Amino acid sequence: MKQLFILAIALMMTVAAQAKGEKTNGQWVATWATATEFTGKGDMPKSGTLTEKAIRQIVHVSIGGQTMRLHLSNEYSKEPVEIKSIFVADIVEGKPTEDIGIDILSKTARYLTFGGKKAITIEGGKTAVSDALAYNLKPLQRLAITISYGNTPVNATSHRGSRTTSYIIKGEAKPKTQFVDIEREDHWYNIATIDVISDNANAVACIGNSITDGRGTTTNLQNRWTDFFAEGVAENNVAVLNLGIGGNSVFYGGLSDPAVKRYDRDCLEQDGVKSVIVFEGVNDLGGINGDAEARAKKIIECYKEFIRKAHDRGMKIYGATITPFLGSFYDDKGYFREAARQTLNKWIRESGEFDGVIDFDSVIRDPACPSKMNPAFHCGDWLHPNPAGYEAMGRFAANQLKALQGL
């Protein structure tokens, strides 16, 4: 009991020091993150609003820690978002897939504060970070984040491709509130990053499109390639941050802010990031219409800029090769788009500009037809992998990172 009391006092002192901006042992390291986006009408709750409702959102963290904080974003909204309270809690495990995270262990619930207060209003276009919170966040655990709202914007700031179910009820939620009469949405709203204090951990930020975001995975089962990647490097105290956005591009078109616009915020400015993986380009190639050479050249210029910015911050940066799409809706019968993919992959592998290569193309392609995805790995559209394909990619990425960094 005496040891537990001493530990509790130490945690309280650490949290107090962090809240005051004082130095403590360790530093903030992001353990989970997502790329925030503008929320159109189709990605708002079906009822149309989050006003005067509570939402429970589930995330899968990487590394653990005894002190955490939460970043919130209202960047893509024009109006303020009023938050009455936020608490985090461990979930009740063993629920059916469609209900994972709906119930929490109320005894683990802890309220977040902002300048010592539970409530916060975040103006349109702004972000907020909670005070430090003493919490036993375990490596690779699922964490429930329950937000109770007052007035909310017409268009929230969200992440569309959560691949986890968020549970919405009317009114304000308390730790013992039962979630009944639920509205379900497979999106995250307002949450952006979770940091923990660590004295020996670092993070790798993975920027990408729907293949990183997890299109083709199983909702609520956390089987994106980045989830398997995180499992593979957890013992090395490396956090994996998934900054994928479905339909995203490096430069040309695509959905949400292109990588060239969001790269700094989503990757370089995350706490504790020591390395970056760039796995984008297929959506740029998918729009080729007689401009293959120009597009390939521009994407390479963007890659070089990503590399320069990472190196300016003392970070390592790795290029991931673009996976095959023959037979998909991007297939142009193996002509210009495939030629551009080969050009980009050759540059990624052979230019020496990146600090290393994560050769996903070699993992996911069909040995008998290299321009096509392995039939055992595609989800049905010949562009996105299935869970088995994502597992192969994630395990491979973990082994490659260990080799590249001597872990």
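A brief look at the structure comes next.

Calculation notes
- Residues numbered from 1 in each chain as written.
- Predicted model: local features only at pLDDT ≥ 70, side-chain atom pairs only at ≥ 80, totals over all residues.
- Heavy atoms only, no water.
- Helix = DSSP H or I, 4+ residues; strand = E, 2+ residues; numbered from the N terminus.
- Rg over C-alpha atoms; globule rule 2.2 N^0.38 Å.
- Contact = heavy atoms within 4.5 Å.
- Areas by Shrake-Rupley, 256 points an atom, 1.4 Å probe, with all protein chains shown as cover.
- Lys, Arg positive; Asp, Glu negative; His and termini not counted.
- Charge placed at Lys NZ, Arg CZ, Asp CG, Glu CD.
- Pairing = 2+ DSSP bridges.
- Axes fitted to C-alpha atoms, helices over the stretch in contact; angles between N-to-C directions.
- Parallel < 35°, antiparallel > 145°, perpendicular 65-115°, else oblique.
- Left-handed = near helix turned anticlockwise from the far one by under 90°.
- Phe/Tyr/Trp six-rings, centres within 6.5 Å; stacked < 30°, edge-to-face > 60°.
- Buried < 20%, exposed > 50% of the residue type's maximum accessible area, 1.4 Å probe, protein only.
- Lys NZ or Arg CZ within 6 Å of the ring centre and 35° of its normal.
- Salt bridge = Lys/Arg side-chain N within 4 Å of Asp/Glu carboxyl O.
- Core = buried A, V, L, I, M, F, W, Y, C linked by side-chain atoms within 4.5 Å.
- Expected span 1.5 Å × (residues − 1).
- Polar contact = N/O pair within 3.5 Å; in protein donor to acceptor, adjacent residues only side chain to side chain.

Another point: the overall build of the chain. Across its full length, the chain holds nine helices and 22 strands. Relative to the compact-globule value of 22 Å for 407 residues, the chain shows a C-alpha radius of gyration of 21 Å, a close match. Dimensions of the chain, computed from C-alpha atoms along their principal axes, come out at roughly 65 × 45 × 40 Å. Looking at the chain alone, contacts between residues at least 24 apart form 80% of all its contacts between residues at least 6 apart. Accessible surface, the chain: about 16700 Å² in total, of which carbon and sulfur atoms supply 51%. Mean positive and mean negative side-chain charge positions of the chain (47 and 48 charges, respectively) differ by 3 Å.

Here the focus is the sheet that holds strand β16 (residues 202–208). Sheet architecture is open: five strands sit in the order β17-β16-β18-β19-β20, paired in parallel fashion. On the outer flanks of this sheet lie β17 (238–244) and β20 (356–358), each paired with one strand and no other. Here the strands of the sheet are splayed against their neighbours by 25 degrees on average, with no regard to which way each runs. Across the sheet, helix α6 (residues 292–312) is in contact with β18 (273–279) and β19 (316–320); its angle to β19 comes to roughly 155 degrees.

It is worth spelling out unusual backbone geometry at this point. Phi is positive for Arg163, which is not a glycine, with a value near 55 degrees. A positive phi angle is found at Asn190, which is not glycine, with a value near 70 degrees. Tracing the chain through its elements places Asn190 in the loop between β14 (188–189) and β15 (191–198).

A few words now on the packing of α6 against helix α7 (residues 336–350). Contact pair α6 / α7: the axes reach a minimum separation of 9 Å and the direction vectors enclose 30 degrees. Accordingly, the angle class assigned to the pair α6 and α7 is roughly parallel. Every pair of crossing elements has a handedness; the one defined by α6 and α7 is right-handed. Taken together, the residues of α7 that come into contact with α6 (itself represented by Ala292, Ala296, Ile299, Ile300, Tyr303, Lys304 and Ile307) are Phe336, Ala340, Thr343, Leu344, Trp347 and Ile348.

Let us look at the packing of aromatic side chains. Within this structure, the stated rule accounts for 13 aromatic pairs. Between the aromatic rings of Trp225 and Phe229, the centroid separation amounts to 5.8 Å while the plane-to-plane angle is 20 degrees, which identifies the pairing as stacked. With Trp225 and Phe229 both in helix α3 (residues 225–233), this residue pair falls four residues apart, about one helical turn. For the residue pair Trp225 and Phe229, the accessibility class agrees, reading buried in each case. Arranged with centres 6.4 Å apart and planes meeting at 85 degrees, the rings of Phe325 and Tyr330 form a pair that is edge-to-face. Overall, Phe325 belongs to the buried group, its relative accessible area being 2%. Tyr330 sits in the buried class, given a relative accessible area of 15%. Among the aromatic residues, those joined into a cluster by ring pairs are Trp225, Phe229, Phe279 and Phe360. Between the NZ or CZ atom of Lys298 and the centre of the ring of Phe251, over which it lies, the distance is 4.6 Å. The lysine or arginine in question, Lys372, covers the ring of Trp382, its NZ or CZ lying 4.3 Å from the ring centre.

In this section: helix α4 (residues 259–268). Within α4, burial applies to Ala259, Arg262, Tyr263, Asp266, Cys267 and Leu268. On the buried face of α4, the contacting elements are β16, β17, β18, α6 and β19.

Orientation of α4 relative to α6, taken along the N-to-C sense of each, is 25 degrees, at an axis distance of 11 Å. With respect to α6, the element α4 is oriented roughly parallel. Helix-helix and strand crossings are classified by hand; for α4 and α6 the assignment is right-handed. Of α6, the residues touching α4 (which contributes Ala259, Val260, Tyr263, Asp264 and Leu268) are Cys302, Phe306, Lys309 and Ala310.

The next point concerns the pattern of salt bridges. Pairs can form between side chains of opposite charge once their charged atoms are near each other. Inspection of the entire model under this criterion finds 32 salt bridges. Between Asp213 and Arg163 there is a salt bridge, and its shortest N-O distance comes to 3.2 Å. Residue Asp213 is found in helix α2 (residues 210–213), and its partner Arg163 is found in the loop between β11 (157–159) and β12 (166–170); the two are separated by 50 residues along the sequence. A salt bridge links Lys261 to Asp257; its shortest N-O distance comes to 3.7 Å. Since its relative accessible area comes to 60%, Lys261 is described here as exposed. In the salt-bridge network here, residues are joined through shared partners; they are Glu338, Arg341, Arg349, Asp359, Asp361 and Arg365.

Here three strands make up an open sheet; going across it, the order is β2-β11-β14 and the pairing antiparallel. Here the strands that pair on one side only, and so sit at the sheet edges, are β2 (37–38) and β14.

Before going further, it helps to examine the nonpolar core. Ranked by internal contacts, the top residues of the largest apolar core, which has 91 residues, are Ile145, Ile194 and Tyr303. Among the elements that make up this core, the one with the highest residue count is α6 (nine residues). Membership of the second largest hydrophobic core comes to 25 residues, among which are Trp225, Val233, Val240 and Ala397.

If you check helix α9 (residues 387–405), its first and last C-alpha atoms are 27 Å apart, about what 19 residues at 1.5 Å a residue would give, namely 27 Å. Residues of α9 that are buried include every one of Gly389, Tyr390, Met393, Gly394, Ala397, Ala398, Leu401 and Lys402, and no others. If you check the start of α9, you find a side-chain oxygen 3.1 Å away from the backbone N of Ala388, and it comes from Asn386. One or two positions beyond α9, positive phi appears at Gly406, with a value near 65 degrees.

The quantities given are spatial measurements derived from coordinates; they are silent on function.
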